[in-house]
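Results of the structural survey
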Amino acid sequence: MSAQAPVAVASSLETVELTKSFGGVTAVDHASVRFVDGKVNGLIGPNGSGKTTFFNCVTGMIKPDAGSVAYRGNDITRHASDRVARAGIGRSFQLCRVFPRMTVMENLLVAVRHPSLRTLLRSADDEHERERARHWLRRVGIDHLEQAEARNLSYGQQKLLELAGVLMGDPDTIMLDEPAGGVNPALIGRIATLVRELNDEGKTFIIVEHNMEMVMSLCDHVVVFDRGRPIAEGAPSDIQKDPRVLEAYLGV
Amino acid sequence: MRNVSERTASAALGPAVTETVVVVPDTPRRSRWPRLVSLALVVIGAALVLSFPFVAPNPYILSAGVVILNYAVLSTGWNFMGGFTGYISLGHAAYFGLGAYGTGLIVKYLQLPGFVAWVLAALLVVAVSIPVGIAALRVRGASFVIVSIAFVLILLLVFQSWREFTGGSEGLIVPRPFPDLMRPEHHRVFFYLFAALLAAALVAWWIIDRSKFGTALKSIREDEDKARSLGVPTTRFKLIAYVLSALVTALGGGLYALWFGDLDPIFQFSILVGSYMVLMALLGGVRHLFGPLLGALVVGIALEYFKLEFGDTQFHLVAAGLLLGVVVLFMPDGVIPAVRALIDRFRPQQTSIRDVTAAELLEQNRAAATSEPRAGASSDHRAGAAPDPHADADNREVVR
């Protein structure tokens, strides 16, 4: 036992026996997962394996039936999603969500980090916040659209806007639900580059993705879901060879 | 406007140029309506309102002015909730009635001066609106509308049935705060009181509109779950907006009680009054500071006119219903945005490409293409987006 002491991985986000059922369907089934702090974590699995439900349980969008979620040692089980966000976990949505009738700039000014009376009554035009917003718009490459209404952006631009909006909340951990879904290859490359850069700057990522090429090239650590629970985890190269993973994907 | 021009562009030129065209709208939205013009309009509007009691030909017209200002207060109060968060309350007359009856009952039973009762009643309404808000705001959309209607109907029954306390359907007489004033003078004083209350409500709305808090409320209107995922404490913020909304509406109701002096549950807790608030706000434009005020002017005058012309019939209700239909169908954002769009059509169009010839456009595109590499990181995305099947989505409204 002591000879093979488990490698001490700093856990950023950890779930224990997390369970969520919808009627008779158990979408997440006693899932115990640890994500590695400071790394790009991938979460993959066949369609309907419970990845998005797992995401939603962790971020407080839906309440799990049982089990617990801890973030950096603090229990965040059943915390409302705004508390989870302010604890430092930002997230994107599978079908990207922006505020359609607000400008790109206004979209970025939504994120609330410290809801105190003083910050709330401050003008939304606060130059410091605007400068931060411009910084993130430049980083994702849509700073030229600052005054456009979000609904007039292309889907790809909206994805970038959503990411910039999440970054405005200054999260330590960013959960992306299918960042490559519905965008063209050039943009996928751009998003992957961004993730890598942000990871170098210290952001932890947890990414649900179907694009295997992206997962394998981008992630340091991959967790494979099947039928609502993890069936394998490890480095991308190991995962690809794992017979259980092949079985889950190919249904052998 | 902007959309139309973009759409035209892509239809004519195909997706390849779309990106370049879409880049154009970089003039800040607000500057399209110069601040000076807005300020001038506000000053003129205020002057018109303040001079009204002197130009009103008779006390009846003056009292109609008071009614319209009262509606403007109520509708602006409603807009703290409905406009910012998109939670449509059809039962906001509940707070109008509670403010009015609260004031009247305090005067009657505690023998306090009218305006002290007014403030006390408003505070009581705040205390009531907190638990009601917590309960009602657990649901969204149509369910919230139903809850709001249920609330006002419950109050109507209570105030009608609790005869010993409220006077029931016989009504409640509220002593006048200025017993020495003649009727026209009384109207005039209350006209200015309502104007002051309206001004205070507008200033409060304006401050919120510009604040971080206001941005958060508007994000709830757009997509509540998304707002929440960005750290907006939606439950708390909605409740604050709801309580503020109830407070302003109750102040309007209390002032009405002191002015009119006779309360009847059927009018104070009427779904109709609540619907008027919504109609007025929608008509003027819920996203605009003066939307509810403008709506109150139009609807208020129309209602008075129809009541005068067609007296006993219910024709004014038909007219109000028709008006609501017209607004929802043709001006879903209200009159103010519609008028602004109309005015903008007669101005030089900074963001339009329609007055650019094909040759000029070609030249612009060439210039953009050569400057592209210098843009560095952002250019590969823009260049890459062109062959994308989603590229022409720039011209589609991506409706959620």
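Residues numbered from 1 in each chain as written. Chains lettered and ligands numbered in written order. Predicted model: local features only at pLDDT ≥ 70, side-chain atom pairs only at ≥ 80, totals over all residues. Heavy atoms only, no water.

Chain B appears in an unreviewed UniProt entry as Branched-chain amino acid ABC transporter permease from Agromyces humatus. One UniProt comment on chain B, placed under Subcellular location (unreviewed entry), says "Cell membrane". (UniProt positions renumbered as here; feature names shortened; annotations may be inferred.)

Chain A carries the name ABC transporter ATP-binding protein in an unreviewed UniProt entry, which gives Agromyces humatus as its organism.

A word on the environment of P184 of chain B
Residue and element names in this part refer to chain B. Looking at where P184 falls in the secondary structure, it is placed in helix α9 (residues 183-210). In this structure P184 comes out as partly exposed when scored by relative accessible area, which is 37%. Distance from P184 to Y60, taken between C-alpha atoms, is 8.7 Å for residues 124 residues apart in sequence. Discounting residues that sit within four places of it in the chain, P184 has contacts with P59 and L62. (Helix = DSSP H or I, 4+ residues; strand = E, 2+ residues; numbered from the N terminus. Buried < 20%, exposed > 50% of the residue type's maximum accessible area, 1.4 Å probe, protein only. Contact = heavy atoms within 4.5 Å.)

Re a nonpolar patch on the surface
There is a patch of nonpolar side chains on the surface, built from L117 and L121 of chain A together with V203, W206 and I207 of chain B and spanning about 510 Å² of accessible area. Every element with two or more residues in the nonpolar patch is listed here: α4 (117-121) of chain A together with α9 of chain B. Looking at which element gives the most residues to the nonpolar patch, the answer is α9 of chain B, with 3 residues. (Patch = residues over 30% accessible without salt bridge, like charges linked within 9 Å, V, L, I, M, F, W, Y side chains within 5 Å. Areas by Shrake-Rupley, 256 points an atom, 1.4 Å probe, with all protein chains shown as cover. Salt bridge = Lys/Arg side-chain N within 4 Å of Asp/Glu carboxyl O.)

Notes on the sheet that holds strand β10 (residues 229-234) of chain A
Residue and element names in this part refer to chain A. With mixed pairing, 6 strands are arranged side by side in an open sheet as β6-β7-β8-β3-β9-β10. Single-partner strands in this sheet number two, and they are β6 (89-91) and β10. The mean angle between the axes of side-by-side strands here comes to 20°, regardless of whether they run parallel or antiparallel. Examined bridge by bridge, β6 and strand β7 (residues 173-177) share 3 bridges and lie parallel to one another. Its bridge partner lying in β7, G90 is registered against I174. Here helix α7 (residues 185-200) sits on the sheet and contacts β3 (40-44), β7 and β8 (204-208); the angle it forms with β8, its principal contact strand, is near 150°. (Pairing = 2+ DSSP bridges. Axes fitted to C-alpha atoms, helices over the stretch in contact; angles between N-to-C directions.)

Considering the pattern of salt bridges
Summed over the entire model, instances satisfying the criterion amount to 31 salt bridges over all chains. The salt bridge partner of R134 of chain A is E146 of chain A, with a shortest N-O separation of 3.3 Å. With R134 of chain A in helix α5 (residues 127-140) and E146 of chain A in the loop between α5 and α6 (155-168), this residue pair connects regions lying 12 residues apart in the sequence. Just as R134 of chain A is buried, E146 of chain A falls in that class too. Notably, a salt bridge pairs E185 of chain B with R188 of chain B, separated by 3.8 Å at the nearest N-O pair. Here E185 of chain B and its partner R188 of chain B are both found in helix α9, 3 residues apart, which amounts to about one turn of the helix. Taking the relative accessible area as the measure of exposure, E185 of chain B reaches 34% and is therefore partly exposed. Here R188 of chain B falls in the partly exposed class, since its relative accessible area comes to 27%. In this structure, a network of salt bridges that share partners links the residues R97 of chain A together with R140, D223, E224, D225 and K238 of chain B.

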